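Overview (structure and organization)
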Amino acid sequence: MKTHLLACTLTLALGFSLGSCVQTQTMPSETVEGHVLIATWPFGQKATDLALQTLDEGGSPLDAIEQGIRLIEHLGCDRTVGLAGRPNAAGYTQLDACIMSGPDHGAGSVAAMEGIKHPISAARLVMEKNPHVMIVGEGARWFALEHGLESVDVSDIPAKKSAWEKARLSGTPVPDPGERGHDTIGVLLRDAQGNLFGGCSSSGAGDKTPGRVGDSPILGSGLYVDNAVGAAAGTGLGENIMRYSASAMIVELMRQGLSPQAACEEMVHRTAATDPLGYDLSICFIAINKAGETGAACSNDSFPYAVTTPKDSQVLRVGAVTAR
Ligand code: ASP
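Here we summarise the structure given alongside this text. (Residues numbered from 1 in each chain as written. Predicted model: local features only at pLDDT ≥ 70, side-chain atom pairs only at ≥ 80, totals over all residues. Heavy atoms only, no water.)

1. Things to note about the overall build of the chain
Within the chain, the regular secondary structure consists of eight helices and 14 strands. Within the span of the chain, comprising 324 residues, buried residues form 58% of the whole. Surface summary for the chain: the accessible area is close to 12900 Å², and the carbon and sulfur share equals 53%. (Helix = DSSP H or I, 4+ residues; strand = E, 2+ residues; numbered from the N terminus. Buried < 20%, exposed > 50% of the residue type's maximum accessible area, 1.4 Å probe, protein only. Areas by Shrake-Rupley, 256 points an atom, 1.4 Å probe, with all protein chains shown as cover.)

2. Here we look at the site of the ligand
Neighbouring the ligand are His182, Asp183, Thr184, Gly204, Ala205, Arg212, Gly214, Asp215, Thr235, Gly236, Leu237 and Gly238. For the ligand, an oxygen atom lies 2.5 Å from a polar atom in the side chain of Thr184. Residue Thr235 places a side-chain N or O atom 2.6 Å away from an oxygen atom belonging to the ligand. With the chains in place, 100% of the 270 Å² that the ligand exposes on its own is no longer accessible. Each residue belonging to the shell around the ligand can be placed in one class, and the counts come to two nonpolar, seven polar and three charged. (Near = heavy atom within 4 Å. Polar contact = N/O pair within 3.5 Å; in protein donor to acceptor, adjacent residues only side chain to side chain. Nonpolar A, V, L, I, M, F, W, Y, C, P; charged D, E, K, R; others polar.)

3. Section: the environment of Gln261
Mapped onto the elements, Gln261 comes out in helix α8 (residues 260–274). The spacing of Gln261 and Ile288 is 27 residues in sequence and 8.6 Å in space, taken between C-alpha atoms. Each residue touching Gln261, except ones within four places of it in the same chain, is listed here: Thr24, Thr26, Thr294, Gly295, Ala296 and Val318. (Contact = heavy atoms within 4.5 Å.)

4. Some remarks on the pairing of strand β7 (residues 185–190)
Burial analysis of β7 places six of its six residues in the buried class, which makes it a mostly covered element. Neither face of β7 is open: one carries Ile185, Val187 and Leu189, the other Gly186, Leu188 and Arg190, and all of them are buried. Sheet topology note: the strand β3 (residues 36–40)/β7 ladder contains four bridges and is antiparallel. Counted as the bridge partner of Ile38 is Leu188 from β7. Sheet topology places β7 next to strand β8 (residues 196–202); six bridges connect them, and they run antiparallel. Residue Ile185 lies in a different strand from β8, and its bridge partner there is Ser201. Between β7 and β8, which pair antiparallel one after the other, the connecting turn spans five residues, and Gly194 there sits at a positive phi close to 90°. (Pairing = 2+ DSSP bridges.)

5. Quick look at helix α7 (residues 246–255)
Most of α7 is tucked away: seven of the 10 residues are buried. By the burial criterion, the buried members of α7 are Ala246, Ser247, Ala248, Ile250, Val251, Leu253 and Met254. On the buried face of α7, the contacting elements are β9 (223–226), β10 (230–236), α6 (238–242), α8 and β11 (283–289). Just downstream of α7, Gly257 is the residue with a positive phi angle, here 110°.

6. Digging into the sheet that holds β11
Spatially, the four strands line up as an open sheet ordered β9-β10-β11-β12, and their pairing is antiparallel. Across the chains shown, the open sheet's two edge strands, defined by having one partner strand only, are β9 and β12 (294–298). Strand-to-strand twist across the sheet, computed as the mean angle between neighbouring axes with direction ignored, equals 10°. Where β10 meets β11, seven bridges bridge the pair, whose relative direction is antiparallel. The residue of β11 that forms the bridge with Ala233 is Ile286. Its contacts with the sheet put α7 on β9, β10 and β11, and the angle it makes with β10 is roughly 145°. Its contacts with the sheet put α8 on β11 and β12, and the angle it makes with β12 is roughly 20°. (Axes fitted to C-alpha atoms, helices over the stretch in contact; angles between N-to-C directions.)

7. Digging into the packing of aromatic side chains
The final tally for this structure, using the stated rule, is two aromatic pairs. When the ring of Trp41 is compared with that of Phe303, the centres are 4.9 Å apart and the planes differ by 80°; the resulting orientation is edge-to-face. Here the residue Trp41 occupies a position in the loop between β3 and α1 (44–56), and Phe303 occupies one in strand β13 (residues 303–308), the gap between them amounting to 262 residues. Accessibility classification places Trp41 together with Phe303 in one group, the buried group. (Phe/Tyr/Trp six-rings, centres within 6.5 Å; stacked < 30°, edge-to-face > 60°.)

8. Overview of the nonpolar core
Counting residues in each nonpolar core, the largest one holds 79 residues, and the members touching the most others are Ile185, Ile250, Phe285, Phe303 and Tyr305. Excluding anything up to four places from it in sequence, Phe303 contacts Thr40, Trp41, Thr235, Cys284, Phe285, Ile286, Ala296, Ala297, Cys298, Leu316, Arg317 and Val318. (Core = buried A, V, L, I, M, F, W, Y, C linked by side-chain atoms within 4.5 Å.)

As structure tokens, then:
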């Protein structure tokens with residue numbers, strides 16, 4: 001995510017333009033019939049479209065989440081998802097992913113995993129075929145290989161020169177991992193039966209320290225699903241999301257009666273109010289509730305996200321949350 005520092009004080013319904021101000025576009029607040037999908041970033045629309053197609057073809061909600069995210073992992077969107085993701089400080093890519101199923105409150109997660117093409121499938125296998133919830137590093141890779149997931153031989157992947165390595169060799173200051181680019185594909189689904197599901201996958205922050213785990217695979221931070229209330233997911237600098245268990249908090253705010261939009265915005269305000277960074281946090285959220293209403297918010301940047309229903313599929317955009 002790059003910082004553009006655009007703010008807008010108005011919340012508008014779809015389709016209006018306000019000069020240079022980034023307008024906040026959200027879906028109208030009402031109960032939505034049928035499947036509703038929301039995903040982070042414009043590339044998320046590829047995931048939500050494929051997820052809807054998967055449902056239309058008879059796939060389960062978890063198949064839909066998995067297939068949608070696998071596509072983004074395959075495409076390596078923004079160089080921040082899948083094996084095409086930016087290398088860590090040691091020059092190789094480590095992957096995080098998580099999946100949750102609302103009806104049985106199931107969850108599976110993998111972190112700092114190397115050489116597996118589809119971490120979201122590994123996370124689903126953890127949820128469905130393993131007594132544990134989270135497996136990391138070499139163990140996650142071993143588990144994925146045991147279940148036949150597609151892999152590359154990590155010893156065959158030449159270490160890429162990371163910005164950290166280049167700086168070390170040239171004697172210039174080592175860049176902050178937060179500056180090197182990072183994104184996450186997060187997909188949330190409220191299906192036609194009113195059940196909730198979610199998944200996310202990321203290669204995390206470029207130039208991160210080997211073994212660093214972001215928010216994405218941490219339940220309650222990068223993703224949380226509560227079938228009675230709603231679901232939320234995060235993207236942005238994971239450290240600033242993890243320290244606040246942001247996704248679980250957003251779900252709790254929705255339980256207290258806030259709309260998904262208001263809950264995402266409140267989470268940004270709450271974090272900014274107590275954090276030394278204030279609004280300069282680089283954190284963004286998406287959320288959906290049981291009624292199929294959606295919302296999104298971002299701390300110090302405009303934030304495009306995708307919403308797909310059987311009627312329509314579009315990329316919407318919210319401006320940065322205005323400081324209060
Ligand atoms: N949250 C991810 C991480 O810190 C990166 C992102 O979504 O921008 O690993």
